[in-house]
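The primary structure of each chain is shown beneath.
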Amino acid sequence: MNNKPLLTDGMALILSYTPYYAIVTHCLSGCAGNGCTVFSQRTFIIAGQLLMSDIIAARSGTSSVRTLIGEAQSRIGDRVFYALCVLASVVILATIAGILFQLVSSSQLSIAKFGFGFLTGSTWDPVMEEYGARPFIYGTVVSSLMGLALALPLSIGIAVFLVEVAGLNVRTIASFLVETLAAIPSVVYGVWGVFVMVPFIQEKVGMPLAEKFGESIPLFAGPAVGPSLLSAAVILAIMIIPIITSITRDVMLAIPMSQREAAFALGSTKWEAIKIVIANARWGILGGIILGLGRALGETMAVTLVIGNSPYINSSILQPSYTMASVIANEFTEATSDMYLSALIEVGLVLLITTFVVNMLARFLVWSVTRRSIAGGRQ
Amino acid sequence: MERRITISKSSIARRKIINHIMLGLCALSVVLALIPLALIMFYTVKEGISALNWDFFTHLPKPVGEPGGGMANAIVGTLTIVGMASLIGVPVGILSGVYLAEFGKGMFATVIRFLTEVMSGLPSIIVGIFVYTIVVKPMGHFSAYAGAVSLAILMIPTITKTTEELLKLVPQTLREAGLALGAPKWIVTTRVVISAAAKGIITGMMLAIARIAGETAPLLFTALNNRFWHQGLDQPVASLPVQIFTYAVAPYDDWHAQAWAGATVLIMMVFILSVVVRVVAGGGKFTVQQ
């Protein structure tokens, strides 16, 4: 027997990090069956060393683990740990249940008074205590759909570029930059939007459109003001591009390489092969699109700053509008009467239900595609 | 025969041209998407730098009309609220992730997984309303606690999902090795499984923190705002995002300048945090999640 010291606690902990990195890189480079088996033998040994060191440290009395190794205590430890984990999960359950309950119960006053008329009424008049949410529903849906229409072609183009065209270095940098778009706080988008983008859109897009088509097409009726549905749509488009892009990219990566190879073997060009990949990934891409829509529907700060906040339905996209999230953000702290507060919370309830349905549909679509083809996907 | 060849040649040429055009458009769309990013960065830095000075970090906001002043209280407020939110959100997120990865097989786990998805899609303003009804209303006033609870709710689903996914990547043999050596399950989970995935979990945690640091909507009617140093955690407290919003909607030019400066500080905070996280996750090399 040699006298080499066995692994110390600290060394063992460092060692225990190693397998994790190996696993991740392994999985990323397309984990094949054989590689994994060989690999797990190594991790087995490391895990053994780690625990041996713990036990030895415990015997020599240098570790707090000593007291916990005992049979009875370990059973208590297991139970306490399990209970904590369950408790944390119950917190999630309770939060969602609580949100639903609170929103429904706090909006009772308004639900009882207006009923379904709340959704169709187009008067929002806190002075007369007359509340109808139609202008907000209209503004939310139209600005989100317009933002989606602007973001969609760009996002799919970016995803195709990242997956099919770019080399690894370009892909790393471009991915990072697009993801940075997602990391910019909403309020910063808003500040940039209201001081830089809105004047630009008013001068360079809104005014020429209103001048040329304002008379004939009600969609572009002037006068073009700065904060408008159009401005909101543009800022929403910028904000949801990273979401649609990353989902589309993941779904395209999940389409097996053999699909592309088959297309190339038949003599197709790269673009023709990409079309086949996109066609196969269509449900997942649709899921990404709907997920982007869900994000756009609930977006608050950036939209509040650029949409103009006017509770009237106007057919022109160059006129100000209002969204459900914005009206809550602007008026919640000003709501003086119980009915006013209740009506605002009911707007929140409508928003919650809308985003919930939209998000669930999206998750289901993405899941249905990635579940099938994880195995043969491109790396 | 010859004619057929010419036709197919021209059609090949046409297909090749379409190929180049479409691939070119894809590259163009990357450029188009990066223009707003560049513009936002450019303007934030350009407008922000002029209003940014030492006073900004050390002084309270000045009343309208008086030049100068800073957002020291808002910066401290943001750090306080985010710190408190992490104290609630991180343990709950990690433990529920552990539950889903290590114990979660039955109906309850399926429900929790589903609810985590629901939670990550919640509009942040809805969380604000919820916390208003359960914390602000019973307490009778806006507070830092309420702000922290709302941000915690927003960070939990991210951490839960990251933890679950990373723990599932840890091979089963590691757990078996630990159990075979006689260690109780909770020791195996905390000392072997979690520490094997620790770096990834920390990365996810930092990204979640970076995300909530910029959240505005849920703070509007939970932490509210405060022009002065806050008088305690049960009192309204200023935060950087809310302060930026307040200044941006106000009609005064020097407040707009302050809003830009605040935006610069906020964006730098978030940006530095996310670059640091990527470098740490890549073991000293800059990486992007693929």
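Here the structure is a predicted model, which is why all the values come from computation and not from measurement. (Residues numbered from 1 in each chain as written. Chains lettered and ligands numbered in written order. Predicted model: local features only at pLDDT ≥ 70, side-chain atom pairs only at ≥ 80, totals over all residues. Heavy atoms only, no water.)

Remarks on the overall build of chain A
Thought 1: Looking only at helices and strands, one finds 16 helices and two strands in chain A.
Thought 2: Buried residues in chain A amount to 51% of all 379 residues.
Thought 3: Here chain A displays about 17300 Å² of accessible surface, and carbon together with sulfur accounts for 67% of that area. (Helix = DSSP H or I, 4+ residues; strand = E, 2+ residues; numbered from the N terminus. Buried < 20%, exposed > 50% of the residue type's maximum accessible area, 1.4 Å probe, protein only. Areas by Shrake-Rupley, 256 points an atom, 1.4 Å probe, with all protein chains shown as cover.)

A closer look at the overall build of chain B
Thought 1: When helices and strands are tallied, chain B shows 11 helices and zero strands.
Thought 2: Along the chain direction, N to C, the helices and strands of chain B fall in the order α-α-α-α-α-α-α-α-α-α-α.
Thought 3: Burial status across chain B gives 54% buried among its 290 residues.
Thought 4: Carbon and sulfur atoms provide 69% of the accessible area of chain B, an area that totals close to 12400 Å².

Concerning the layout of surface pockets
Thought 1: Of the volumes computed, that of the second largest pocket is approximately 530 Å³.
Thought 2: Along the wall of the second largest pocket there are 19 residues; nearest its centre are M197(A), I201(A), V234(A), I238(A) and P36(B).
Thought 3: Among the residues making up the lining of the second largest pocket, the classes are represented as 19 nonpolar, no polar and no charged. (1 Å grid on protein atoms, 1.4 Å probe; cavity = no way out; pocket = protein on both sides within 12 Å on 5 of 7 lines; lining within 4 Å. Points joined across faces, edges and corners; volume = space filled by probe spheres on them. Nonpolar A, V, L, I, M, F, W, Y, C, P; charged D, E, K, R; others polar.)

Observations concerning the interface of chain B and chain A
Thought 1: Facing 100 residues of chain B, the contacting portion of chain A comprises 101 residues.
Thought 2: Between chain B and chain A lies a buried interface of about 8900 Å² when both sides are counted; carbon and sulfur atoms form 81% of it.
Thought 3: Between chain B and chain A we count two salt bridges in total.
Thought 4: One salt bridge in this structure joins R363(A) and E117(B), with 2.7 Å as the shortest N-O distance.
Thought 5: In this assembly, chain B and chain A are joined by nine residue pairs in polar contact (both at pLDDT 80 or more).
Thought 6: The element that contributes the greatest number of residues to the side of chain B that touches chain A is helix 1 (residues 2-51) of chain B, accounting for 20 residues. (Contact = heavy atoms within 4.5 Å. Buried area = accessible area lost by both parts, 1.4 Å probe. Salt bridge = Lys/Arg side-chain N within 4 Å of Asp/Glu carboxyl O. Polar contact = N/O pair within 3.5 Å; in protein donor to acceptor, adjacent residues only side chain to side chain.)

Topic: the nonpolar core
Thought 1: Counting residues in each nonpolar core, the largest one holds 196 residues, and the members touching the most others are W124(A), Y189(A), F332(A), I125(B) and F221(B).
Thought 2: Apart from the residues lying within four places of it in its own chain, the contact partners of Y189(A) are L181(A), I184(A), I235(A), I238(A), M239(A), A302(A) and I40(B). (Core = buried A, V, L, I, M, F, W, Y, C linked by side-chain atoms within 4.5 Å.)

Quick notes on the pattern of salt bridges
Residue and element names in this part refer to chain A.
Thought 1: Across all of its chains, the model carries 12 salt bridges over all chains by this definition.
Thought 2: A salt bridge links R260 to E164; the nearest nitrogen and oxygen atoms lie 2.9 Å apart. Within this pair, whereas R260 is found in helix 11 (residues 257-265), its partner E164 is found in helix 7 (residues 134-165), the two being separated by 96 residues in sequence.
Thought 3: A residue is classified by how much of its surface remains accessible, and E164, at 7% relative accessible area, is buried.
Thought 4: Within this structure, E179, R249 and D250 form a network of salt bridges that share partners.

Comments concerning the domain arrangement of chain B
Residue and element names in this part refer to chain B.
Thought 1: Domain annotation of chain B identifies domain 1 (13-49) and domain 2 (53-280).
Thought 2: Each of domain 1 and domain 2 has a C-alpha centre, and the two are 32 Å apart.
Thought 3: If you look at the interface, domain 1 gives seven residues, while domain 2 gives seven residues.
Thought 4: Approximately 590 Å² of surface area, both sides summed, lies buried where domain 1 meets domain 2, with 82% of it carried by carbon and sulfur atoms.
Thought 5: Summed over the three residues of domain 1 that lose the most area to domain 2, namely M41, T44 and E47, the buried surface amounts to 62% of that side.
Thought 6: If you look at where domain 1 meets domain 2, you find zero salt bridges.
Thought 7: For the pair domain 1 and domain 2, the interface holds one residue pair in polar contact (both at pLDDT 80 or more).
Thought 8: Here the side of domain 1 that touches domain 2 is composed, by residue class, of four nonpolar, two polar and one charged. (Domains from an automatic or database assignment.)

Some details on the packing of aromatic side chains
Any aromatic ring pair is given by two values, namely how distant the centres are and how the planes are angled relative to each other.
All names here are of chain A.
Thought 1: For the coordinates displayed, the defined rule picks out 25 aromatic pairs over all chains.
Thought 2: Centroid distance Y131 to Y340: 5.6 Å. Interplanar angle 15°. Geometry classified as stacked. Of this pair, Y131 sits in strand 2 (residues 130-131) while Y340 sits in helix 16 (residues 338-373), and the two are 209 residues apart along the sequence.
Thought 3: By the ring-pair criterion, three or more aromatic residues cluster together here, those being F114, F118, W124, Y131, F136, Y322 and Y340. (Phe/Tyr/Trp six-rings, centres within 6.5 Å; stacked < 30°, edge-to-face > 60°.)

Side note on unusual backbone geometry
Thought 1: Phi is positive for E129(A), which is not a glycine, with a value near 55°.
Thought 2: Residue position: E129(A) is located in the loop between strand 1 (124-125) and strand 2.
Thought 3: Given the relative accessible area of 24%, E129(A) is considered partly exposed.
Thought 4: Residues other than glycine seldom take positive phi values, yet L224(B) does so here, at roughly 55°.
Thought 5: Relative to the elements of secondary structure, L224(B) occurs in the loop between helix 9 (198-213) and helix 10 (240-249).
Thought 6: On the basis of relative accessibility, which here comes to 25%, the residue L224(B) falls in the partly exposed class.

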